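Letter by letter, the chains look like this.
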Amino acid sequence: MKLSRRRLLGGIGAGAAAGLLGVPASAAESSIGTDTERVFVHPQTSVLDGLGELLDVVEAVGGTTVLEYDNFEFVVAEVPSTGLDELRQDRRVATVEEDDETGIPGDWSPSLSDIFGSPGGSDCSSHPDQRPSWGVERIGAHDVDSSGSDVDVGILDTGIQSDHCSLSVAGGRNFTADGTAGDYEDRHGHGTHVAGIAGADDNDRGVVGVAPEANLYAVKVLDDDGSGRYSELIAGIDWCMSNDVEIISMSLGGEAESSTLAGAIEDAHSAGHLLLCAAGNEGNDGSDSCAAETMTYPATHEDVVAVTAMDENDRLASYSSVGSAVDLLAPGTNVTSSTVDNEYAEASGTSMACPFVAGVAALVWETREEDGPGPNGPVREILGETAETVLGTCAEGDGLVNAPSALGDERAAEGSDWSSGPVGGLRSLLERFVDLIVGFFEWLWSLVS
């Protein structure tokens, strides 16, 4: 038996035992009844004797555990409202937090594009000739050599149509109650549109994405209506961590902040993943309204790259949220991309802006020649420091993401230097420790085999 480093790293890191990861809550909801609340339950690790005891605590108050995670110690449970106080007062429980809702920002209303004539259909040979969207051209992604090859991009959304003629889906997972765990098909359209912007194939058909050779993963955290919960979003982040998906793109948002989601984001960031999020579609009073704070969560988290949207005339989109946490600006209005039923649609929103930045991040990540998570700090710095000033106000953060400038930055070709930082140093030390353990067990196995 040969033990893998990845398996050992997963075991050594803080995480619950694998078990019910991603199990939909529908069965639990029907068995408990309607007078329940869905909550995160965090263990008091100093007094708790393993995860099993936490599950017993939940069960003792009449609750049912519906989600466990690979990389996080807390669980998600459906608990009767009458049992919440007892759960909070149990000495084995550290905190109990509500599992709030998330979803597609604002009113997303795509229109089937007639720019190509009459595209669509299962016969890919009948699809129109490829052309980049105005957004791809505006950020210069059509004029660079990098393609995002071998970089994994997780599209945390409504899924992706896996047989679309302009897309290649490397895999994925469904964490909603709509379908089985392996059913990550998009029956809404939003996720497929986002995926096309980030990485539609360069195959002479339909549209082309910013990083056409990136590996797109359909991580379905929003249901067929475009709605979800923070617990499902965390499950998507957890899956990306367990599967070494480097870039995590989130075109979604919620009204409430969450300390549980914040902790998951911080853990993923510390592990070397780059997380990006749409700023929200809550509107603004103009690009110079720097006092406004209309962004949704988790775009406001400091470990997330928050993206606002502009139109074809280099103006801040009227629907775009703004705030002090804005990092970058990207095209978001009237963007043509892939959608379900093998069609192409034009849509607007910060949801469309976010994958433009995710795609450029993949282009830069490719130049680092890293295998797996790691250089999120340097990549984020490059994206910000090479951005183009367009608005000249707080609404654009560092500015409009710029593919040629990012790839032309001398740091983009330096290779990995992240191991010298605090996160990288810790990871390097951990990997050396794991190598010693692997070597020991391989030697031990050789003695008994």
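Remember, predicted model here, so these are calculated numbers, not experimental data.

> I would appreciate a short explanation of the environment of Gly392 in the present structure.
Summarising the element assignment, Gly392 is placed in the loop between helix H10 (376–385) and helix H11 (403–408). Distance from Gly392 to Ser287, taken between C-alpha atoms, is 8.6 Å for residues 105 residues apart in sequence.

> Which parts of the structure should I look at to understand the environment of Asp90?
As for its position among the elements, Asp90 is in the loop between helix H4 (84–89) and strand S4 (93–98). Here Asp90 falls in the buried class, since its relative accessible area comes to 18%.

> What should I look at first to understand H10 in this one?
Counting along an α-helix, one turn takes 3.6 residues, and residues three or four places apart therefore face a common direction. Taken residue by residue, H10 has Asn376, Pro378, Val379, Ile382, Leu383 and Gly384 as its buried positions. Where H10 is buried, its residues touch helix H8 (259–270), strand S12 (274–278), strand S14 (328–331), helix H9 (350–368) and H11.

> Mind showing me how you'd approach empty space enclosed by the protein here?
Where empty space is left becomes clear once a probe the size of a water molecule has been rolled over the atoms. Evaluated as defined, the whole model comprises 1 cavity of 30 Å³ or more. There is about 30 Å³ of room inside the largest cavity. Put simply, the parts of the chain that give the lining of the largest cavity at least two residues each are helix H6 (190–199) and strand S15 (335–339).

> What should I look at first to understand helix H7 (residues 230–242) in this one?
The end-to-end C-alpha distance of H7, which contains 13 residues, comes to 18 Å, matching closely the 18 Å that a straight helix rising 1.5 Å per residue would cover. Most of H7 sits out of view: 12 of its 13 residues are buried. Those residues of H7 not exposed but buried are Tyr230, Ser231, Glu232, Leu233, Ile234, Ala235, Gly236, Ile237, Asp238, Trp239, Cys240 and Met241. Looking one or two residues past H7, Asp244 carries a phi angle of roughly 55 degrees, positive in sign.

> So what exactly am I meant to see when it comes to the nonpolar core here?
For soluble globular proteins, nonpolar side chains are generally found buried alongside one another. In terms of nonpolar packing, the biggest core is built from 107 residues, with Ile237, Met250 and Leu383 touching the most fellow members. Looking at this core, the element that brings in the most residues is H9, giving 12 residues. If you count residues domain by domain, this core takes at least three from each of domain 1 (36–99) and domain 2 (111–412).

> Please clarify how the state of the cysteines should be interpreted in this entry.
Two cysteines, two sulfur atoms, one covalent bond between them: this is a disulfide. Counting across every chain of the model gives 1 disulfide. What pairs with Cys124 in a disulfide is Cys165, and their sulfur atoms sit 1.9 Å apart. Residues Cys124 and Cys165 are joined by a disulfide whose S-S torsion is about -80 degrees; by sign, that bridge is left-handed. With Cys124 in the loop between strand S6 (111–112) and helix H5 (134–138) and Cys165 in the loop between strand S7 (152–157) and strand S8 (169–174), this residue pair connects regions lying 41 residues apart in the sequence. Residue class for Cys124 comes out partly exposed when judged on its relative accessible area of 23%. Cys165 sits in the buried class, given a relative accessible area of 7%.

> Mind showing me how you'd approach the sheet that holds strand S16 (residues 343–347) here?
Within a beta sheet, neighbouring strands are joined by backbone hydrogen bonds and run either parallel or antiparallel to one another. Strand order in this open sheet of 3 strands is S6-S16-S15, and the pairing throughout is antiparallel. Of all the strands in the sheet, the pair left with one neighbour each is S6 and S15. Pairing geometry for S6 and S16, over 2 bridges, is antiparallel. If you follow Leu112 over to S16, its bridge partner there is Ala345. Seen against the sheet, H6 touches S15 and S16 and runs at an angle of roughly 115 degrees to S15.

Each value, and the rule that gives it
- Numbering of residues starts from 1 in each chain and follows the order in which that chain's sequence is written.
- The model is predicted, so local features are restricted to residues of pLDDT at least 70 and side-chain atom pairs to those at 80 or more, both for listing and for counting; the totals for chains, interfaces and linings are taken over all residues.
- For side-chain calculations, the full set of non-hydrogen atoms in the structure is used, while hydrogens and water are omitted.
- Strands are runs of DSSP state E lasting at least two residues, helices are runs of H or I lasting at least four, and both sets are numbered from the N terminus onward.
- The buried label goes to any residue with under 20% of its type's maximum accessible area, the exposed label to any with over 50%, and the partly exposed label to all in between, with areas taken from a 1.4 Å probe on protein chains only.
- In what follows, a contact means two residues having at least one pair of non-hydrogen atoms within 4.5 Å.
- Residues are called lining when one of their atoms sits within 4 Å of a cavity or pocket point, these points coming from a 1 Å grid over the protein atoms alone, where a cavity is a set in which a 1.4 Å probe fits but cannot get out and a pocket is an open set with protein on both sides within 12 Å along at least five of seven lines.
- Grid points are joined across faces, edges and corners, and a volume is the space filled by probe spheres set on the points.
- In this analysis, the expected span of each helix is defined as 1.5 Å times one less than the number of residues it contains.
- Joining through side-chain atoms within 4.5 Å is the link that ties buried Ala, Val, Leu, Ile, Met, Phe, Trp, Tyr and Cys residues into a set, and such a set is a nonpolar core.
- Where each domain begins and ends follows an automated or database-derived domain assignment.
- We call a pair of cysteine sulfur atoms a disulfide when they lie within 2.5 Å.
- Here, strands pair whenever DSSP counts at least two bridges between them.
- To get an axis, a line is fitted to the C-alpha atoms, and for a helix only the part in contact is used. The angle between two axes follows their N-to-C directions and goes from 0 to 180 degrees.

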